[in-house]
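Understanding the architecture of this molecule
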Number of protein chains: 4
Amino acid sequence: MILNTIGDRLRLTTFGESHGVAIGGVLDGFPSRFKIDFERVSEELSARAPQMEGETMRREDDEVEWLSGIMDGVTLGTPIAFVVRNKKHEPGDYKELEHVYRPSHADLSYQQRYGIRDYRGGGRASGRETVARVIAGALALQWLETQGVSIKVDIVEAGEVSHGDSIGGKVRCLVNGVKAGIGNPVFGKIHAELASAVLSIPACHGFEYGSGLSLPGSEYNDQMRMENGRIKYLSNNSGGVLGGITTGEDIYFTAVFKPTPSIQIPQQTINDKGENVTITIKGRHDRSVVRRASVVVRSMVALTIMNYYL
Amino acid sequence: MILNTIGDRLRLTTFGESHGVAIGGVLDGFPSRFKIDFERVSEELSARAPQMEGETMRREDDEVEWLSGIMDGVTLGTPIAFVVRNKKHEPGDYKELEHVYRPSHADLSYQQRYGIRDYRGGGRASGRETVARVIAGALALQWLETQGVSIKVDIVEAGEVSHGDSIGGKVRCLVNGVKAGIGNPVFGKIHAELASAVLSIPACHGFEYGSGLSLPGSEYNDQMRMENGRIKYLSNNSGGVLGGITTGEDIYFTAVFKPTPSIQIPQQTINDKGENVTITIKGRHDRSVVRRASVVVRSMVALTIMNYYL
Amino acid sequence: MILNTIGDRLRLTTFGESHGVAIGGVLDGFPSRFKIDFERVSEELSARAPQMEGETMRREDDEVEWLSGIMDGVTLGTPIAFVVRNKKHEPGDYKELEHVYRPSHADLSYQQRYGIRDYRGGGRASGRETVARVIAGALALQWLETQGVSIKVDIVEAGEVSHGDSIGGKVRCLVNGVKAGIGNPVFGKIHAELASAVLSIPACHGFEYGSGLSLPGSEYNDQMRMENGRIKYLSNNSGGVLGGITTGEDIYFTAVFKPTPSIQIPQQTINDKGENVTITIKGRHDRSVVRRASVVVRSMVALTIMNYYL
Amino acid sequence: MILNTIGDRLRLTTFGESHGVAIGGVLDGFPSRFKIDFERVSEELSARAPQMEGETMRREDDEVEWLSGIMDGVTLGTPIAFVVRNKKHEPGDYKELEHVYRPSHADLSYQQRYGIRDYRGGGRASGRETVARVIAGALALQWLETQGVSIKVDIVEAGEVSHGDSIGGKVRCLVNGVKAGIGNPVFGKIHAELASAVLSIPACHGFEYGSGLSLPGSEYNDQMRMENGRIKYLSNNSGGVLGGITTGEDIYFTAVFKPTPSIQIPQQTINDKGENVTITIKGRHDRSVVRRASVVVRSMVALTIMNYYL
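Residues numbered from 1 in each chain as written. Chains lettered and ligands numbered in written order. Predicted model: local features only at pLDDT ≥ 70, side-chain atom pairs only at ≥ 80, totals over all residues. Heavy atoms only, no water.

Some thoughts on the relation of the copies chain C and chain D
Note the cut-off: Residues reaching a pLDDT of at least 70 in both copies supply the C-alpha atoms on which the copies are superposed by least squares.
With an RMSD of 0.0 Å, chain C superimposes on chain D once it is rotated by 180° and translated 0.0 Å along the axis. Taken together, these values place the two copies in the relation of a two-fold axis.

What follows is the structure, given as structure tokens:
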């Protein structure tokens, strides 16, 4: 059963709890002799970090320590392991959440799954786990650039909300430069793998690729013509994928995210003694995860596409 | 790389081209000593078969031959292999499609992927491949019933279209009775696996689970109370899944399907000589795949959920 | 958990019980546009069939039916499914073994694993399952020949035994023409995969590659020299593999097989009522499986090596 | 393709080069709520460390840092990551090996596989990688003990050799207490997985389970009787496995190791300029790896058996 690993040729395993010793990952299958631009990794991490008013204020000036797989800045073809240390926390900081299950968090479901959970800041289910994905994704992004592939993400909807409440939104992603003929029928379709990768991001609830799905076939279908000896699609409602295989046109999709479950408004819930309680979550949290999630979307797409290229 | 196999504990491999000798599958990991209701398999196959005016008229009175894994109607725990023979076709029936790539079919992408394709009726990319999924799914459905799990599908939107054209639509699926605590962080989340399985169905473009995603967190969050010693969720916007793990509430999602690409209206396209041609697809085809796809959705969900139970 | 599938890029799934409807397999990941020599498949099947006095006399004039993945004798890149029908048996033929566990067969262990077993001729545990491996292996052998790789097997030891008894032996295998640099550290070493594949053959108990293992390092080590601009190893005790990666020298190993457990001599055993009984196995059986197993060794090696090439 | 990960339910990924920053691993799938005895981990690490005259003198007073998956000494069910820092080395220490390929090491094969290699002390191919296996194995050993399973290893042959030279040997392993009915046909046989796991240990060349393979079947076969209501095998030549499934008897096998390739005797080899050179390896190295390898054998067996139990 798949647990904390994604990919088969390029394989990322992540580990770490939000308030444990460290968050990290092992990226296996990355090609050898690739010169890594560590500055690019920092840029992606910064893009994921909290910046604007209304988003999580917890400072994450994370520093990556590279443990293996790289010699003199160049990949060896062996597993690339990396860690980011978590900041020290006072033991009492999260003590009050030890016995309470926050609504629409994974507190209770983890408890039911494992009979135990790291209650400190969400533990393994925290969005902080995505730090490892962004680091690995930043390597994949660099490699894909050498293949002419670029990945853009935009926030297409977010909405307003009063202070203390939260809101969801959508991330739109466009992948340019993927060559035709990538992907596998029938259970390895590239859009299905993209969906699985994107829906593994905390708070993600939906994935839809292409456009015009409510049109009649006569308007929806992507007709073709030869132009100057090259295939030209007259439209790209297919979103760059037909039969699970790339057409060479842009791949694009929309991912839908739910509102941040942490709100500073009293909510009804239960505790681990089976009592009804009211909870008001303290601390400063993201009003919306969408901007930060968009960086993780880019990472997951990069890892997924690169997995097909290898 | 995943190709024609899905699942790891319960593992389905399908094979067969639309107009080849047979469509079939191998279902591995199915528990031993389970008495199969073959009538139920026929019912699911019939539900998938064309029935109403406006849908594919090709008769599919398919008969399943069971090749292994079953003795006296009872499973042995060994691989269950099955085949359905394809009807004989006149060699000329699809001859005119040998050299032309139909718009928004996988004709060209398969050609680019493999350098060859079975042009007869879509070959491996045909919806006919899903016969194997429905047979395997019918076994999973029976097994899940013994666990108290039921899966319902509805067509929530289809639309009207003039004759010769086609239309897409949505399938809504509801899974009742899945116990709490099923699923795996962080890359084995149950909703991500469901999405991947459903998006592997031909023509499927989108997956979204839960509801109320545009609400503020204060309205979206599923608050909880204890009632008569049991956990009661005051709402189920989470769609039965938190952190990729089931809550015990109903799992529900919507899958979006594109319009059938086969339309009886002239379209511009190209042939394998790189020439511009106009194509008008003959024969009778589904105006919408949604009703038939809904049966396949149920099968894929059954296989996916059962994979987590084992 | 791996069950009835081997390989990841080239993936063989086998199915079928000895006296069920059919034995068969699905070979996924085989490259497209490869012209199959069906005569070669028959040759390998014949090599595996019983021929000499003292071996199983059961006639296996098996005919392969190809179900998918091939059009006009050329592979499509889609799963290649095939079946071989089992001969019809009188229901009574194996009735007396329904309730008895034969010594050193898998009768009892299957019963303990599954709570049920197909008692007819060994069911899934029968050597007949290897028919599917030999068919798939014959395709891999053909493909490898186009890469300059050849696989030879010899019986290096068999021994004499009086009539009614049985004997084990060894199969020696030599693979010529594998290029240097194939294999993966640290858990995908090519010799470990070969061992696993060969030890999956019924009755196989041992695997050892290379030679001179009891020599001191000074005599064992394969020293090197450049000769005419090419690397020349002064010896090949390493058996063509260093660090799990090929050196370009011949890969060779020895596989050890136990004596056929079916003997026509009375043995003590138990039945499914927990009673002590004496059993004398009837019918004509292989006195040694070694010759026939050697063909299966070649198949498994071909599938394993090809998996690394893809 | 399998690279640096082994197991599917219990899944170990190792990383690290011999003289890089650290050696480590991620153990995924380990059950939650298990109290770890860290002292036992140290004991296994000490057993693997160099102790006797004639073995590697490099001091490995390794300290394990646990990065995730454990809270208050108890497992969370999430990935358990751990690292051991490598000692600092002077850059010049291994400089002379930068351009030379040591005979019967993986220097050249890694170079051919990756086009680059970490020449410092063998890099990824060094026996030092097994530190990660022993740490993970120590957790598996503890868990198996709660199931009544114990694993013993002995060195059954080593031999004498003059100073500066090296020698191989055998490790015999006996697993007691594994219940009957564990294992999977036909490509998940427990002995095949054990072989693959053991042959992944550096320098391991052979695996053979059971005994009496050259006996006639009449003497080899393990006959059975009921005694006091329990199944009693009259012998255990099968080594505790029939048809790839455990019988409940002791599992035992012998693993064969080649002589340590590092010897202090001049050898002919080549360098990366394609020149013939003579090399004399300096430093103190294991005369035989067998004793230390035996600890790694125990670890790999523990991980493999536990994988079947989950």
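Concerning the pattern of salt bridges
Heads up, the condition is: When a carboxyl oxygen of Asp or Glu is within 4 Å of a side-chain nitrogen of Lys or Arg, the pair counts as a salt bridge. Accessible area is worked out with a 1.4 Å probe on protein chains only. A residue is then buried under 20% of its type maximum, exposed over 50%, and partly exposed in between. To qualify as a helix, a DSSP run of H or I must reach at least 4 residues; to qualify as a strand, a run of E must reach at least 2; elements of each kind are numbered from the N terminus.
Applying the stated criterion across every chain, the model contains 40 salt bridges over all chains. A salt bridge links C:R102 to C:D107, with the shortest nitrogen-to-oxygen separation between them at 2.8 Å. Residue C:R102 is classed as buried on the basis of its relative accessible area of 7%. Accessibility expressed as a relative area gives 6% for C:D107, which makes it buried. Two residues, D:R298 and D:E44, come together in a salt bridge whose shortest N-O distance is 3.2 Å. Of this pair, D:R298 sits in helix α6 (residues 290-309) while D:E44 sits in helix α1 (residues 38-48), and the two are 254 residues apart along the sequence. Of the two residues, D:R298 and D:E44, neither departs from the other in class, the shared state being buried. It is possible to trace a salt-bridge network through shared partners that takes in A:R40, A:E43 and A:E145.

Remarks on the environment of A:E145
All names here are of chain A. The topology assignment puts E145 in helix α3 (residues 130-145). A relative accessible area of 44% means that E145 is categorised as partly exposed. The spacing of E145 and L45 is 100 residues in sequence and 18 Å in space, taken between C-alpha atoms.

Points about the sheet that holds strand β10 (residues 204-209) of chain A
In plain terms, the rule: Criterion used throughout: strands pair if DSSP finds at least two bridges between them. Helix axes are fitted only over the stretch in contact, all axes being lines through C-alpha atoms; the angle between N-to-C directions runs from 0 to 180 degrees.
Strands sit in the order β8(A)-β9(A)-β15(A)-β10(A)-β10(B)-β15(B)-β9(B)-β8(B) across an open sheet of eight strands; the sheet is antiparallel. Strands with a single pairing partner mark the edges of an open sheet, and in this sheet they are β8 (150-157) of chain A together with β8 (150-157) of chain B. The sheet shows a mean angle of 20° between the axes of neighbouring strands, direction not considered.

Digging into the interface of chain B and chain C
Selection rule: Any pair of residues with heavy atoms lying within 4.5 Å of one another is described as a contacting pair. Note on definitions: buried area is the accessible-area loss of two parts on being combined, 1.4 Å probe, summed for both. Residues adjacent in sequence count toward polar contacts only when both atoms are side-chain atoms; beyond that, a polar contact is any pair of N or O atoms within 3.5 Å, and within protein one must be able to donate a hydrogen and the other to accept it.
Tallying the contact residues gives 43 residues for chain B and 43 residues for chain C. When the two sides are added together, the surface that chain B and chain C hide from each other amounts to roughly 3300 Å², 61% of it contributed by carbon and sulfur. Its largest share of buried area at the contact with chain C, chain B owes to B:L67, B:M71 and B:I116, together 17% of the area lost on that side. At the boundary of chain B with chain C, the tally comes to two salt bridges. One salt bridge in this structure joins C:E65 and B:R85, with 2.6 Å as the shortest N-O distance. Across the contact surface, chain B and chain C share twelve residue pairs in polar contact (both at pLDDT 80 or more). Elements that contribute at least two residues to the side of chain B that touches chain C include exactly β2 (11-15), β3 (22-28), β4 (64-66), β6 (74-75) and β7 (80-85) of chain B. Considering every element that reaches the side of chain B that touches chain C, the biggest residue donor is β2(B), with four residues.

Considerations on helix α6 (residues 290-309) of chain C
The criterion, for reference: Expected helix span is computed as 1.5 Å times (number of residues minus one).
Helix length check: α6(C), at 20 residues, gives a terminal C-alpha distance of 28 Å against a target of 28 Å (1.5 Å per residue), a fit within 8%. With 20 of 20 residues buried, α6(C) lies mostly within the body of the structure.

Description of the relation of the copies chain B and chain C
For the pair chain B and chain C, the best superposition has an RMSD of 0.0 Å and corresponds to a rotation of 180° with a translation of 0.0 Å parallel to the axis. Interface overlap between copies: 100% of the residues of chain B at the interface are likewise at the interface in chain C, consistent with a symmetric, same-surface contact.

Overview of the environment of C:D154
Residue and element names in this part refer to chain C. Turning to its location among the elements, D154 is positioned in strand β8 (residues 150-157). We classify D154 as partly exposed; its relative accessible area is 48%. Put simply, D154 and L45 are 109 residues apart on the chain and 17 Å apart in space, counted from C-alpha to C-alpha. Once residues lying within four places of it in the same chain are set aside, the contact partners of D154 are K170, V171 and R172.

Digging into the packing of α1(D) against helix α3 (residues 130-145) of chain D
Residues and elements named next belong to chain D. This is how the line gets drawn: Orientation is classified from the angle alone, with under 35 degrees giving roughly parallel, over 145 giving roughly antiparallel, 65 to 115 giving roughly perpendicular, and any other angle giving oblique. Should the near helix be turned anticlockwise from the far one by less than a right angle, the crossing is termed left-handed; should it be turned clockwise, right-handed. Residues are grouped as follows: Ala, Val, Leu, Ile, Met, Phe, Trp, Tyr, Cys and Pro are nonpolar; Asp, Glu, Lys and Arg are charged; every other residue, Gly included, is polar.
Running from amino to carboxyl end, α1 crosses α3 at an angle of 135°, the nearest separation of the two axes being 9 Å. Classed by the angle they form, the pair α1 and α3 counts as oblique. The two elements α1 and α3 meet at a crossing, and its hand is right-handed. Between α1, through R40, V41, E44, L45 and R48, and α3, the contact on the second element is made entirely by T130, V131, V134, I135, A138, L139, L141, Q142 and E145. The class makeup of the residues in the contact of α1 with α3 is eight nonpolar, two polar and four charged.

Quick notes on the sheet that holds β3(B)
Residue and element names in this part refer to chain B. Spatial ordering of the open sheet is given by β1-β2-β3-β7-β4, a layout of five strands whose pairing is antiparallel. Each edge of the sheet is formed by a strand with only one pairing partner; in this case those strands are β1 (5-6) and β4. Bridge count between β3 and β7: six bridges; the pairing is antiparallel. Residue pairing across strands places G24 opposite V83, the latter belonging to β7.

Re the nonpolar core
In plain terms, the rule: Note on terminology: a nonpolar core comprises buried Ala, Val, Leu, Ile, Met, Phe, Trp, Tyr and Cys residues joined through side-chain atoms within 4.5 Å.
Formed by 135 residues in total, the largest nonpolar core has its most connected members in A:F257 and B:F257. B:F257 has contacts with A:L213, B:G168, B:G169, B:V171, B:I201, B:P202, B:A203, B:C204, B:V289, B:V290, B:A293 and B:V297, leaving out every residue within four places of it along the chain.

A word on the packing of aromatic side chains
Put simply, the rule is: Between the rings of Phe, Tyr and Trp (Trp by its six-membered ring), a pair exists once the centres lie within 6.5 Å; its type follows the angle of the planes, with under 30 degrees stacked, over 60 edge-to-face, and the other angles tilted.
Under the definition given, this model contains 24 aromatic pairs over all chains. Taken together, the aromatic side chains of A:F38, A:W66 and A:F82 make up a single cluster linked through ring pairs.

Some details on the pairing of strand β12 (residues 230-233) of chain B
Residues and elements named next belong to chain B. As paired strands, strand β11 (residues 224-227) and β12 are joined by four bridges and run antiparallel to one another. Its bridge partner lying in β12, M224 is registered against Y233. Counting the residues in the hairpin turn of β11 and β12 gives two residues, including N228, whose phi is positive at 55°.

Notes on the confidence of the model for chain A
Put simply, the test is: Each residue carries a pLDDT score, the predictor's own confidence in it, on a scale running from 0 to 100.
On average, residues of chain A score 93 in pLDDT, and 95% of them reach the 70 mark or higher. Here the complex is predicted with pTM 0.97, and the ipTM for its interfaces comes to 0.96.

Side note on the interface of chain C and chain D
Opposite the 96 residues of chain C that make contact, chain D presents 96 residues. Contact between chain C and chain D buries roughly 7600 Å² in total, counting both sides, with carbon and sulfur atoms accounting for 57%. Linking chain C with chain D are zero salt bridges. Run the count over chain C and chain D and you get 43 residue pairs in polar contact (both at pLDDT 80 or more).

Here's the deal with the state of the cysteines
All names here are of chain C. Condition: Here, two cysteine sulfur atoms that lie within 2.5 Å of each other are counted as a disulfide.
For the structure shown, the criterion picks out zero disulfides over all chains. C173 takes part in no disulfide bond, and the closest cysteine sulfur to it belongs to C204, at a distance of 11 Å. Under the relative-accessibility criterion, C204 is labelled buried at 1%.

Examining the pairing of strand β9 (residues 169-176) of chain C
Residue and element names in this part refer to chain C. Side chains G169, V171, C173 and V175 of β9 all project onto a buried face; the interleaved residues K170, R172, L174 and N176 project onto a face where none is buried. As judged from the seven bridges shared by β8 and β9, these two strands associate in the antiparallel manner. Bridged to E157 within β9 is K170. Looking at chain direction, β9 and strand β15 (residues 251-257) are connected through seven bridges and run antiparallel. Each residue of the ladder has a partner; that of V171, found in β15, is A255.

Examining the side chain of A:R292
All names here are of chain A. Along the chain, R292 turns up in helix α6 (residues 290-309). The class of R292 is buried, set by a relative accessible area of 8%. A polar contact is formed between the side chain of R292 and the side chain of D286, at a distance of 3.1 Å.

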